[in-house]
Amino acid sequence: MSSTLTQVIARMVTRASSGSISEEQAAAPNTNLTEQGLSSLDYLKLIDAIEIELGVYIDLEGDIGFLTSVEGIAEYVRLQRAS
Amino acid sequence: MASPDRAAGLLADQLTAALSSEASTFTLVAGEDEQLDSATLLRLATEFGSWLHRQPPAAPRVLIRARNSAQYVVALVGTLLAAGVPMLLDPLTSDAEVAEVIATCGVDLVLDDLSAGPVAGPRAALADDEQGRYRVHAGIPAPTGHRATIVDHRTVVASLVRGTELCRFTSGSTRTAACIEFSGAAVLTAARSWITASRLTARDRVLCFAGLYNGLAFNTSLIPSMLAGATLIVPSGLPTRGYVSRQLATARPSVLVAFPAIYDSLAESDRALTGLDQLRLSLSSAARLAPSTVEILAARDDLHISDYYGLAETGPVTLELNPALGSGQGLPLPHAEIAFDHEAGHECELLIRTPSMGTRYLNYPGGFEARLTDDGFYRSGDEGELRNGRLHLLGRLGKGLNINGRKISADEIRGVLLSHSAVRDCHVFSLEDEAGQTVLGALLVTTTEVSPTELRRYCLERLAPYKTPNRILFTSSIPRSGSGKPQLQRIEEYLLGQLQLAPINL
């Protein structure tokens, strides 16, 4: 189940980056998406995709440091769904 | 220390008069729990000013590197009340870039966020200058919640021009962002011209997604709203499509201020926007709007974008109150003059003269003056023409890169990449990716194997994130002419072969 969510999010990262970051690169452990080349506009697209496709609302005025990794996003999504 | 004792200036006087007037209806909204009326803002700013007075020196140059918040405005107004000079810097500016600004602009105190950004996380404390030009005292909490770092200069710092009350920065088309000095009169003239041209009144609700340090927000929203008594709403979250849509629905603004990328994102939505029933003016600037964005928002949401023209150095120049597709950048603002450079051979280069112009670049002596004509017009570097009195932009002269509204220098990025031990040669360019978004690229020749990730990490430590190349490619050599200049046509052919995408600025 968790690997599926990771894959879904990795696919969103690939789409948000217009293909410049592959799903494998995005999902690799300890990957920092900013260092992989995800731009600020790409982040905006990624957040919209998470909200629309996963139905998870992200408080953008709070701490959103978790967005820099697929693992962090997956963990956030799991916590939101559980709460 | 950098600054002599001096009295608060014209800008402080006029803002105080506007905010302390019993008739003032100015309200600042920066989040659900962050709302200040004019009396509260003035009280907090006065308290901040008193705190600032207790820090050395007497009239400090205060560099504000912070995201939008109500406390940002408190710090800005409080610095003015304390006869200090606020210097407004992009919060994404890296620590290495800030170090240059501190040294070359004689900054006495830095106010910054404890976090480098919602995505980047906690910000490290500022350190002593590696070149020994200044030392810093450990950061202390300012009354605004910002981290305050006091600077002790070890070398002589550049003096401000007499009358300078505020500084803003170019977005970095020069190596380090150029610090533009403004008189209080210039700032007030820009705001009052804008109030007149945009018909801003106390009834307006201005929803602004641009950073307050930026001309788009500063000259059209922040100072004009304070003077006119309007309500100013400055959301602090990342402007995703969902966030912007929610803010629109809640705020029901009469004026919307946003960069083109936000309008592009709204146009991509499959749903009509809500909260637009009071909207009378939607402002954009800095980069070209996609015609499809303009068409979709006009047809679907009856949202018509005014793509006005302005420069960091001159302030706003034009405005169109009744935009329609093809109406260009609009009519010149009161007292703004537009001329064209015929003598230099640039038939269409825009020359701009406004009473709201900056005075000079503090950290590039002579650089501003060199761009002025004998009769005081600023050479914009932009091309355009007047049709029926309205300005139509045609393009930009020279080699500057524009990444989503931020003008940046390829040379600066090139310099950082070349400072990496593995990089022997490089060429920096911009291109449009598969989604039509402008991104930064670098073509590199390396002496040892190095990953794009490591190179980006290296850049992120030294440059703002938007100056870090998204696309990094490697080659065995960069084609150069006998004089050493890059052969752009051969580079373009190579990039087309590698990326199947054409560079838009080599």
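Residues numbered from 1 in each chain as written. Chains lettered and ligands numbered in written order. Predicted model: local features only at pLDDT ≥ 70, side-chain atom pairs only at ≥ 80, totals over all residues.

Let us now look at the overall build of chain A. Helices and strands together make up the secondary structure of chain A, namely four helices and zero strands. Starting at the N terminus, the α and β elements of chain A follow one another as α-α-α-α. With the principal axes as the frame, chain A shows a C-alpha extent of 35 × 30 × 20 Å. A burial count over chain A gives 43% of its 83 residues as buried. When contacts within chain A are restricted to residue pairs at least 6 apart in sequence, those whose partners lie at least 24 apart make up 46%. (Helix = DSSP H or I, 4+ residues; strand = E, 2+ residues; numbered from the N terminus. Buried ≥ 20, exposed ≤ 12 C-beta atoms within 10 Å, placed from the backbone. Contact = placed C-beta atoms within 7 Å.)

A few words now on the domain arrangement of chain B. What the domain assignment lists for chain B is domain 1 (10-184), domain 2 (325-398) and domain 3 (401-505). Computed over C-alpha atoms only, the centres of domain 2 of chain B and domain 3 of chain B are separated by 30 Å. (Domains from an automatic or database assignment.)

What follows deals with the nonpolar core. Ranked by size, the top nonpolar core spans 154 residues in total, and within it V13 of chain A together with I64, M87, I102 and V257 of chain B carry the most contacts. With nine residues, the single largest contributor to this core is helix α3 (residues 70-81) of chain B. Here this core gathers at least three residues from each of two domains, domain 1 (10-184) and domain 2 (325-398) of chain B. When sequence neighbours within four positions are dropped, the list of residues in contact with I64 of chain B reads Y72, A75, L76, P86, M87, L88, L89 and L111 of chain B. Ranked by size, the runner-up nonpolar core spans 26 residues in total, among them V416, L431, A464 and I472 of chain B. (Core = buried A, V, L, I, M, F, W, Y, C linked by C-beta atoms within 7 Å.)

Another point: the interface of chain B and chain A. The interface of chain B with chain A comprises 29 residues on the first partner and 21 residues on the second. At the level of elements, α7 (241-251), α8 (260-268) and α11 (452-460) of chain B are the ones that each hand at least two residues to the side of chain B that touches chain A. Counting residues per element, the side of chain B that touches chain A draws most heavily on α11 of chain B, which supplies five residues. Of the residues in the side of chain B that touches chain A, the class split is 12 nonpolar, 11 polar and six charged. (Nonpolar A, V, L, I, M, F, W, Y, C, P; charged D, E, K, R; others polar.)

It is worth spelling out unusual backbone geometry at this point. Residue and element names in this part refer to chain B. Each neighbour pair has its own omega, and for P56 with P57 the value is -10 degrees, a cis peptide bond. You can see P57 is positioned in the loop between α2 (38-53) and β3 (61-65). With a phi angle near 65 degrees, A83 is a residue other than glycine that sits in the positive phi range. You can see A83 is positioned in the loop between α3 and β4 (85-88). In this structure, R252 is a non-glycine residue whose phi angle is positive, near 45 degrees. For R252, the location among the structural elements is in the loop between α7 and β13 (255-257). Since 15 C-beta atoms lie within 10 Å of it, R252 is described here as partly exposed.

Moving on, we get to the environment of P465 of chain B. Positionally, P465 of chain B belongs in the loop between α11 and β29 (471-474). Under the C-beta neighbour-count criterion, P465 of chain B is labelled partly exposed, with 19 such atoms within 10 Å. Between the C-alpha atoms of P465 of chain B and P323 of chain B, which are 142 residues apart in sequence, the distance is 33 Å. Beyond its immediate stretch of four places on either side in the chain, P465 of chain B contacts T34 and S40 of chain A together with L92 and L460 of chain B.

So, about the confidence of the model for chain B. The pLDDT averaged across chain B works out to 90; a share of 95% of its residues lies at or above 70. Across the predicted assembly, pTM comes out at 0.87 and ipTM at 0.85. (pLDDT = per-residue confidence, 0-100.)

Moving on to the packing of α8 of chain B against helix α9 (residues 291-301) of chain B. The packing of two helices is summarised by the inter-axis angle and the distance between the axes. Residue and element names in this part refer to chain B. Closest axis-to-axis distance for the α8/α9 pair is 9 Å, and the angle between their directions is 55 degrees. When the axes of α8 and α9 are compared, the pair comes out oblique. Note that α8 runs across α9; the crossing there is left-handed. In this structure, α8 uses Y263, D264, L266 and A267 to contact α9, whose residues at the interface are S292, T293, I296 and L297. When the residues that make up the contact of α8 with α9 are grouped by side-chain class, the tally is five nonpolar, two polar and one charged. (Axes fitted to C-alpha atoms, helices over the stretch in contact; angles between N-to-C directions. Parallel < 35°, antiparallel > 145°, perpendicular 65-115°, else oblique. Left-handed = near helix turned anticlockwise from the far one by under 90°.)

A separate point is the sheet that holds strand β14 (residues 281-284) of chain B. Across a sheet, paired strands are connected by hydrogen bonds in the backbone, their directions being either parallel or antiparallel. Residues and elements named next belong to chain B. As summarised here, the arrangement of the seven strands in space is β2-β1-β12-β11-β13-β14-β15, forming an open sheet in which the pairing is mixed. The open sheet has two edge strands with one neighbour each: β2 (35-37) and β15 (305-307). Across the sheet, the mean angle from the axis of one strand to that of its neighbour is 20 degrees, orientation sign disregarded. Pairing of β13 with β14, which is carried by three bridges, proceeds in the parallel orientation. When the bridges of β14 are listed, L256 appears paired with S282. Here α2 sits on the sheet and contacts β1 (27-29) and β2; the angle it forms with β2, its principal contact strand, is near 95 degrees. (Pairing = 2+ DSSP bridges.)

Before going further, it helps to examine the packing of helix α5 (residues 184-198) of chain B against helix α6 (residues 215-228) of chain B. All names here are of chain B. Closest axis-to-axis distance for the α5/α6 pair is 9 Å, and the angle between their directions is 85 degrees. Between α5 and α6, the angle is such that the two are roughly perpendicular. Between α5, through V187, A190, A191, R192, W194 and I195, and α6, the contact on the second element is made entirely by N219, T220, I223, P224, L227 and A228. Among the residues making up the contact of α5 with α6, the classes are represented as nine nonpolar, two polar and one charged.

Our next topic: the pairing of β29 of chain B. Residue and element names in this part refer to chain B. Alignment of strand β28 (residues 438-446) against β29, held across four bridges, turns out to be parallel. What sits directly across from L444, in β29, is F474. Taking the sense of rotation as the criterion, the β-α-β connection linking β28, α11 and β29 turns out right-handed. (Right-handed = clockwise from strand over helix to strand, strands pointing away.)

A word on α8 of chain B. By the criterion of burial, α8 of chain B is predominantly enclosed, with eight of the nine residues buried. Among all positions of α8 of chain B, only P260, A261, I262, Y263, D264, S265, L266 and A267 of chain B are buried. Among the structural elements, α3 (40-54) of chain A together with α7, β14, α9 and β15 of chain B are those in contact with the buried residues of α8 of chain B.

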